[in-house]
Amino acid sequence: MLLSMSKGLTVVRRALVVGAALLALAGGPALAAGNQPPEPQDEFRPVGNSPAPEQIPAAPLLIGAYIVVLGGLFFYVLSLSRRLGAVQQDVQRLEGELKRRGRG
Amino acid sequence: MPKWFTPAAILCGLMFVVSPVLIARAPDESAMGMVYKIYYYHMPSAWMFLLAPLVCGFSSAMFLARDRAKDDRRAFAAAELTVLFGALTLITGPLWARRAWGTWWVWDARLTSSLVGWMIGWAYLILRRYGGPGSDKLAAGVALFGAVNVPFIYISVNYWRTIHPPTTVVPRLPVSMGVPLWFCVFAFLLLFVLLMTMRLRLEAARTRLDALYVALDE
Amino acid sequence: MTPARSSVRPLTPAFVRTVWMVLRKDLTVEMRSGEIAYTTLFFAASCVLIFAFALVREGRAPEGGAAGILWIAILFAGTLALGRAFERERQAETLRALLLAPVPRPAIYVGKLLGIVALLAATEVVLLPLVDFLFTARLFAHPFWLTGLVITCTIGLAAVGTLFAAMLVRARSRDMLLPVLLYPVVVPVIIAGVQGTAALLQPEFDAAVVRFWLLLLVTFDVVFVVLALWTFEAVMSD
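By convention here, each chain's residues receive numbers from 1 onward along its written sequence. Just so you know, chain letters begin at A and ligand numbers begin at 1, following the order they were written in. Per-residue local features are limited, in this predicted model, to residues with pLDDT of at least 70; the limit for side-chain atom pairs, both in listing and counting, is 80 or more; totals at the level of whole chains, interfaces and linings are taken over all residues.

Some words on the overall build of chain A
Helix and strand counts for chain A stand at 3 helices and 0 strands. From first element to last, N terminus to C terminus, chain A shows the α and β order α-α-α. The buried share among the 104 residues of chain A stands at 26%. Two residues qualify as a contact pair if the distance between their C-beta atoms, derived from the backbone, is within 7 Å. Restricting the contact set of chain A to residue pairs at least 6 apart, pairs at least 24 apart contribute 86%. Think of it this way: any DSSP run of H or I at least four residues long counts as a helix, any run of E at least two long counts as a strand, and we number them from the N terminus. With C-beta atoms placed from the backbone, a residue is buried if 20 or more other C-beta atoms are within 10 Å of its own, exposed if 12 or fewer are, and partly exposed between those counts.

Spelled out as structure tokens, the structure:
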């Protein structure tokens, strides 16, 4: 499975496409949540038998959750592409070395 | 990378861009209001968190039976995804729970076994990193126990008294909530496949690198 | 190299003979030196004492603490015992000799498992009265249920522990790695053991609750032992 330089760059480029797409929609949830009209609630009925929690605002939790997911996925993709790039650099270096020694 | 990778990556990215719009359009829930919409990312993350150790366990079993490096690479990749999606699930869940249940965490069967499953994923990665030679087979053994934990996580919520919603919620979702949910599930599934592919690529490259080092030493 | 399909046909004469041979060897060695037994016992007792000193306030033990402390002490002591037991095998290269011998591999696992269970049982014989005394816990009010819980929980811990300790014999950092691998996997067993023991200690004893945890432990034992039998064969074959 020979990885030439151009192929390696393509892989990294593709990974960055995925990453950039995920990053681009960090704004998405914020916009969507902002556009949501506040739901009139006269009474908060919690699930199960837990006591009624204080009315902490839902929006920061909601936005926070989406940022965590998208951010986490983005950073993982970034980490993957970085690791892949580093290994592929080493592969190219060693292949060059091998060629130089005439063993191909 | 295979030919389908770039189109699939673009599709996946687009789906993630579109998903907040779909989610915003979904109705609020009667008891939980707006905060329940964390569910649209929490549940697909959780399903991927359950899928990954199954893939890891299956690949590990294949590796132990047939001793093929490809199976080992797949198990390693799946273990990393277990930790990744586990982290996402275990963070988004409490964020939702804080509002819906009034507490960040409860030690019920579902959450406890999920935490355990996540830790088994970490144990696998630590073993691969620090176990020295032969740790691929050892980790495969551990992965089997991690895989056995998964059905327990899934059904636990139906058999133990717990505050976590049971598995009957999904089949009974109205269409207005079902559409964005399954859309997100498909997006996450596609992402899972893409991430596995990238990770397998990395692992194959590492194997190539090792072979080159050996060749140079000769 | 495919693992020798030396059958999981239990109770064949060869299987039973191998189990007995391995078990007897371990017990004999242990009875001659007593190294692992005494140190494990002492460590477990120290563990319980430390908990007692740390948690007892004004002469009163924490509510329901006895069950948790008992099983934590057994788990910690068991981890050390497993490490030592297989270290001994590694130094003498006896494990490799066993694996090369023409005996069914799963029988080796079962033999070692029974040895560890025996060791832990000996420790528990001392620990249970100690915990009962220090935490005024009335553990022996229902001896049959207690015995059932203790045996099944111990088997669960030992089943996974023996497998992982054997797997780690030749690995680096094996002392640290054993707890790292073992503890997450046995959390369900510990939970069931602690909950079952705690249910035993309730003033209003409810046999149904104890039976539930006992059955759960039996399920774990069956699943873990079967899985460990197959994994041992597959992992140790190189």
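More follows now that the structure is in view.
Side note on the overall build of chain B
When its secondary structure is counted, chain B shows 6 helices and 0 strands. Along its sequence from the N terminus, chain B presents helices and strands in the succession α-α-α-α-α-α. If one aligns the C-alpha atoms of chain B with their principal axes, the spans along those axes are about 70 × 40 × 25 Å. Relative to its 218 residues, chain B shows a buried fraction of 50%. Residue pairs at least 24 apart in sequence account for 78% of intrachain contacts in chain B once pairs closer than 6 positions are excluded.

Concerning the interface of chain C and chain B
Listed per partner, the contact involves 21 residues of chain C and 22 residues of chain B. Listed by contribution, the elements that provide at least two residues to the side of chain C that touches chain B are helix 6 (143-167), helix 7 (174-200) and helix 8 (207-235) of chain C. If you tally residues by element for the side of chain C that touches chain B, the top one is helix 7 of chain C, at 7 residues. All amino acids are sorted into three groups, where Ala, Val, Leu, Ile, Met, Phe, Trp, Tyr, Cys and Pro are nonpolar, Asp, Glu, Lys and Arg are charged, and the leftover types, Gly among them, are polar. When grouped by side-chain class, the residues that make up the side of chain C that touches chain B number 17 nonpolar, 2 polar and 2 charged.

Here's the deal with helix 6 of chain C
For an α-helix the count is 3.6 residues per turn, leaving residues at separations of three or four pointing the same way. The first and last C-alpha atoms of helix 6 of chain C sit 36 Å apart over 25 residues, in line with the 36 Å expected at 1.5 Å per residue. Most of helix 6 of chain C sits out of view: 18 of its 25 residues are buried. Helix span, expected: 1.5 Å multiplied by one less than the number of residues in the helix.

Quick word on unusual backbone geometry
In this model, Asp67 of chain B sits at a positive phi of 60°, which is unusual for a non-glycine residue. With respect to the helices and strands, the residue Asp67 of chain B is situated in the loop between helix 2 (39-66) and helix 3 (69-100). Of the residues examined, Asp67 of chain B has 17 C-beta atoms within 10 Å and is grouped as partly exposed. The phi angle at Ser173 of chain C is positive, at roughly 50°, despite the residue not being glycine. Among the secondary structure elements, Ser173 of chain C is positioned in the loop between helix 6 and helix 7. Among the residues examined, Ser173 of chain C registers 16 C-beta atoms within 10 Å and is labelled partly exposed.

A word on the confidence of the model for chain A
Atomic detail in the predicted coordinates should be set aside for any region of low pLDDT. Residues and elements named next belong to chain A. For every residue, the predictor reports its confidence as pLDDT, a number between 0 and 100. Per-residue confidence for chain A gives a mean pLDDT of 64; residues scoring 70 or more make up 45%. Summarising per-element confidence for chain A, the mean pLDDT is lowest in helix 2 (residues 27-35) (35) and highest in helix 3 (residues 58-100) (91). Overall, residues 1-16 carries pLDDT values under 50, and its contacts beyond four positions in sequence, including any with other chains, amount to 23 contacts. Note that residues 18-53 has pLDDT below 50 and, in this model, 69 contacts with residues that lie over four places away or in other chains.

Overview of the packing of helix 3 of chain A against helix 3 of chain B
Two numbers describe how helix 3 of chain A lies on helix 3 of chain B: the axes approach to 9 Å, and their chain directions differ by 175°. Comparing the axis directions of helix 3 of chain A and helix 3 of chain B gives the class roughly antiparallel. Residue-level inspection shows Ala58, Leu61, Gly64, Ala65, Val68, Val69, Gly72 and Tyr76 of chain A of helix 3 of chain A in contact with helix 3 of chain B, the latter providing Leu84, Ala87, Leu88, Ile91, Thr92, Leu95, Trp96, Arg98 and Arg99 of chain B. Looking at the contact of helix 3 of chain A with helix 3 of chain B residue by residue, the classes come out as 12 nonpolar, 3 polar and 2 charged. For helices, the axis comes from a line fit to the C-alpha atoms of the stretch in contact; other axes are also lines fit to C-alpha atoms, and the angle between any two N-to-C directions lies between 0 and 180 degrees. Each angle receives one of four descriptions, namely roughly parallel if under 35 degrees, roughly antiparallel if over 145, roughly perpendicular if within 65 to 115, and oblique otherwise.

A few points about the confidence of the model for chain B
Summary statistics for chain B give a mean pLDDT of 89 and a share of 100% for residues scoring 70 or more. In the model of chain B, helix 5 (residues 135-159) of chain B stands out as the element of lowest mean pLDDT, 86, in contrast to helix 2 of chain B, which has the highest, 94.

Some words on the packing of helix 6 of chain C against helix 7 of chain C
How two helices sit against one another is set out by the angle between their axes and by the gap between those axes. Residues and elements named next belong to chain C. Contact geometry for helix 6 and helix 7: axes closest at 10 Å, N-to-C directions at 175°. In terms of orientation, helix 6 and helix 7 fall into the roughly antiparallel class. Of the residues in helix 7, those in contact with Trp145, Leu146, Leu149, Cys153, Gly156, Leu157, Val160, Gly161, Phe164 and Ala165 of helix 6 are Leu178, Leu181, Leu182, Val185, Val186, Val189, Ala192, Gly193, Gly196, Thr197 and Leu200. Partitioned by chemical class, the residues of the contact of helix 6 with helix 7 number 16 nonpolar, 5 polar and no charged.

Some thoughts on helix 5 of chain B
Residues and elements named next belong to chain B. Over its 25 residues, helix 5 runs 36 Å from end to end, which matches the ideal 36 Å to within 8%, given 1.5 Å per residue. The largest bend along helix 5 measures about 25° and falls at Ile153. Summarising burial for helix 5: 18 of the 25 residues are buried, a large majority. Here the bend at a residue means the angle between the axes of two seven-residue stretches, the one that ends at it and the one that starts at it.

Points about the environment of Ala137 of chain C
All names here are of chain C. On the secondary structure map, Ala137 appears in the loop between helix 5 (105-134) and helix 6. For Ala137 and Phe205, which are 68 residues apart along the polypeptide, the C-alpha to C-alpha distance reads 13 Å. Not counting the four nearest positions on each side in its chain, Ala137 is found in contact with Ala66, Val131, Asp132 and Leu201.

Details of the environment of Phe192 of chain B
Residue and element names in this part refer to chain B. Residue position: Phe192 is located in helix 6 (residues 175-217). Under the C-beta neighbour-count criterion, Phe192 is labelled buried, with 21 such atoms within 10 Å. Taking the C-alpha atoms as reference points, Phe192 and Ser45, separated by 147 residues in sequence, lie 9.8 Å from one another.

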